[in-house]
Amino acid sequence: YLSMPYFTDKHVMDELCHFAQPEDSGGKGLIINVILCETEDCKLFINKFIGNREDIWNSIQAVNIRSIPNFPDFCHSKAMISTAGAMSGSYSFTSQAKYYILEHGLLLGPGATPNYQARRQLEARFARASPVFWRRTHWESAVMK
């Protein structure tokens, strides 16, 4: 599970798409659940990331992205919970955070007690979030004609 208010880091999105792909397609077959805030920045970033490429559209479908409306239930948590451990803290998955803003994340190894509690919270939030339907841009129009 990844939970974040904003998501504009192309490298991270590319990695998530890769690792979510089935192994026979060159990925790792990981189940990746992303919870983000439904902001125009997030929508614009992901639609731009997809662009006109059907292969990227297909790969992003393997990442389970759900959104929380901007208000009243704003998603401001910044956490990642996995079988390898957990990260929580101020780090946002944005290009600004990567290159310009000093942000920190607390890393916990697998099996730490807080991991279990955080995982339960993120699972519950993911269950309440809505699936995201990104626009398929120009290539969808061409295919549908």
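In case you missed it, the structure is sitting above this.
Cut-offs and rules
- Residues numbered from 1 in each chain as written.
- Predicted model: local features only at pLDDT ≥ 70, side-chain atom pairs only at ≥ 80, totals over all residues.
- Heavy atoms only, no water.
- Buried < 20%, exposed > 50% of the residue type's maximum accessible area, 1.4 Å probe, protein only.
- Helix = DSSP H or I, 4+ residues; strand = E, 2+ residues; numbered from the N terminus.
- Arc of directions from axis to C-beta.
- Polar contact = N/O pair within 3.5 Å; in protein donor to acceptor, adjacent residues only side chain to side chain.
- 1 Å grid on protein atoms, 1.4 Å probe; cavity = no way out; pocket = protein on both sides within 12 Å on 5 of 7 lines; lining within 4 Å.
- Points joined across faces, edges and corners; volume = space filled by probe spheres on them.
- Nonpolar A, V, L, I, M, F, W, Y, C, P; charged D, E, K, R; others polar.
- Phe/Tyr/Trp six-rings, centres within 6.5 Å; stacked < 30°, edge-to-face > 60°.
- Lys NZ or Arg CZ within 6 Å of the ring centre and 35° of its normal.

*Asks:* Hey, could you run me through helix α1 (residues 10–20) in this one?
*Replies:* Since the α-helix packs 3.6 residues into each turn, any two residues three or four apart lie on the same face. For α1, the set of buried residues is V12, M13, L16, C17 and A20. The buried residues of α1 occupy one face: seen down the axis, they fall within an arc of 135°. A distance of 3.0 Å separates the backbone nitrogen of H11 from a side-chain oxygen at the start of α1, and that oxygen is part of D9.

*Asks:* Quick question: what am I supposed to make of the layout of surface pockets here?
*Replies:* Empty space among the atoms becomes visible once a probe the size of a water molecule is rolled across them. By volume, the largest pocket is sized at about 410 Å³. Broken down by secondary-structure element, the contributors of at least two residues to the lining of the largest pocket are α1 and β4 (79–82). If you tally residues by element for the lining of the largest pocket, the top one is β4, at three residues. Here the lining of the largest pocket is built from residues that sort into 11 nonpolar, three polar and one charged.

*Asks:* Looking at this structure, how should I read the packing of aromatic side chains?
*Replies:* Each aromatic ring pair is specified by the distance between its two centres and by the angle formed by the two planes. For the structure on display, the rule yields three aromatic pairs. Summarising the aromatic geometry, the rings of Y1 and F126 are spaced 5.8 Å apart at their centres and angled 75° between planes, so their arrangement reads as edge-to-face. Of this pair, Y1 sits in the segment before β1 (2–4) while F126 sits in helix α5 (residues 113–128), placing them 125 residues apart in sequence. Judged on exposure class, the residue Y1 and its partner F126 are both buried. Taken together, F7, F45 and F49 form an aromatic cluster joined through their ring pairs. Looking at R66, its charged tip hangs above the ring of F126, at a distance of 4.3 Å from the centre.

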